[in-house]
Amino acid sequence: MINIGCHLSSSGGFLAMGKHATELGADTFAFFTRNPRGGSAKEIDPEDAKALVEYMEKEHFGKLVAHAPYTMNVCAAKPDIKEFSRNMLKEDILRMEYVPGNYYNFHPGSHVGQGAEEAIPMIADALNDAMFEEQKTIVLLETMAGKGSEVGRNFEELKAIIDRVELKDKIGVCFDTCHTWDGGYDVVGNIDAVLDEFDKVIGLDKLYALHLNDSKNPMDSHKDRHEKIGEGLLGEEGIRNVITHPLLQGKPFILETPNEDDGYKAEIALIRSWMV
Ligand SMILES: [Zn+2]
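It should be emphasised that the depicted structure is a prediction, and the values quoted were computed from it without experimental measurement.

*Asks:* Quick question: what am I supposed to make of the coordination of the zinc ion here?
*Replies:* Perfect tetrahedral coordination of a metal by four donors corresponds to 109.5 degrees between them, and perfect octahedral coordination by six donors corresponds to 90 or 180 degrees. Looking at the zinc ion, one finds its protein donor set to be Glu142 (OE), Asp176 (OD), His211 (ND1) and Glu256 (OE), positioned 2.1 to 2.2 Å from the metal centre. Each of the 4 donor atoms bound to the zinc ion contributes to angles spanning 86 to 171°, and the resulting shape is irregular. Between consecutive donors of the zinc ion, the numbers of intervening residues give the motif E-x33-D-x34-H-x44-E. Separated by 114 residues along the polypeptide, Glu142 in strand E4 (residues 138-142) and Glu256 in the loop between strand E9 (252-255) and helix H9 (261-275) bring together distant segments of the chain. Residue Glu142 is classed as buried on the basis of its relative accessible area of 0%. Classification of Glu256 by relative accessible area gives buried; the value is 13%.

*Asks:* What is the right way to read the packing of helix H3 (residues 79-95) against helix H4 (residues 116-130) from this model?
*Replies:* Each pair of packed helices gets described by two things: the angle between the helix axes and the distance between those axes. Interaxial distance between H3 and H4 falls to 9 Å at its minimum, and their mutual angle equals 40°. Relative to H4, the element H3 lies oblique. Relative to H4, the crossing made by H3 is right-handed. In this structure, H3 uses Lys82, Arg86, Leu89, Lys90 and Ile93 to contact H4, whose residues at the interface are Met122, Asp125, Ala126, Leu127, Asp129 and Ala130. Looking at the contact of H3 with H4 residue by residue, the classes come out as 6 nonpolar, no polar and 5 charged.

*Asks:* What should I look at first to understand helix H7 (residues 191-201) in this one?
*Replies:* Buried residues of H7: Ile191, Val194, Leu195, Phe198 and Val201, and no others. Angular distribution of buried residues about the axis of H7 spans 130°; they occupy a single face of the element. Every exposed residue of H7 that faces more than 90 degrees away from the buried side is listed here: Asp192 and Lys200. Packed against the buried residues of H7 are helix H5 (155-164), strand E5 (171-176), helix H6 (177-182), strand E6 (207-212) and helix H8 (235-243). Residue Gly203 follows H7 closely and has a positive phi angle near 105°.

What counts and what doesn't
Residues numbered from 1 in each chain as written. Predicted model: local features only at pLDDT ≥ 70, side-chain atom pairs only at ≥ 80, totals over all residues. Heavy atoms only, no water. Donors = N, O, S within 2.8 Å, 3.2 Å for Na, K, Ca; no water. Tetrahedral: all angles 85-135°; square planar, octahedral: opposite > 155°, others 65-115°. Helix = DSSP H or I, 4+ residues; strand = E, 2+ residues; numbered from the N terminus. Buried < 20%, exposed > 50% of the residue type's maximum accessible area, 1.4 Å probe, protein only. Axes fitted to C-alpha atoms, helices over the stretch in contact; angles between N-to-C directions. Parallel < 35°, antiparallel > 145°, perpendicular 65-115°, else oblique. Left-handed = near helix turned anticlockwise from the far one by under 90°. Contact = heavy atoms within 4.5 Å. Nonpolar A, V, L, I, M, F, W, Y, C, P; charged D, E, K, R; others polar. Arc of directions from axis to C-beta.

Now the structure itself:
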């Protein structure tokens, strides 16, 4: 069994997202912690957050996988962007404590010409500054396609960040099927070998969640263009091999496919039909 859900709008608040997820047949979901292309965050209503926590328990939801805004780049070359991003990360981790025990995923960043070796310690430093001993949230680094100067384009780069993070039990990875494929890992032809390599380099105990996306592009294209499930180069078989993989059971899978509600509902039903 896996938990399956999709990305939902947070405009109606926490409990509304939980109910929306149920309507779509989901038992987990993702949401942006703040405006994904800007950075402003809405005030949290603690009662609404509590209502979601209770709702999730009642409906047997899996872990949520919150998503940081795309504008966050804690290894930016420009000092003001870097500072702004570090503050967002810090605030977001605090905000996640209103829905304790879930996951917070972010793109490690883009080094914009500085080189990954410069960026990796910066990312780890931002995490060490933002994370705290008592936090209930697990922070996840996303596997990236390696578009432009993205950091986290292979398992080694993610491992290098994790190695520098002090609170090791609060850091992990979100495995994006489209990005990992675009990044050069043969998710379709040999998912066993990909997971074996993940285990050797990072350790499968660090794989907490997955983004389930098909890809518009071939393996190793470093493009990052998500496609609807079964309609891209991962195809039905590729996706099926991932969701049914014995090593990935029990984890939350989040769809970030180009869909509206109806499309997500259909994809969730399709995925569930492949699980049996
Ligand atoms: Zn993703």
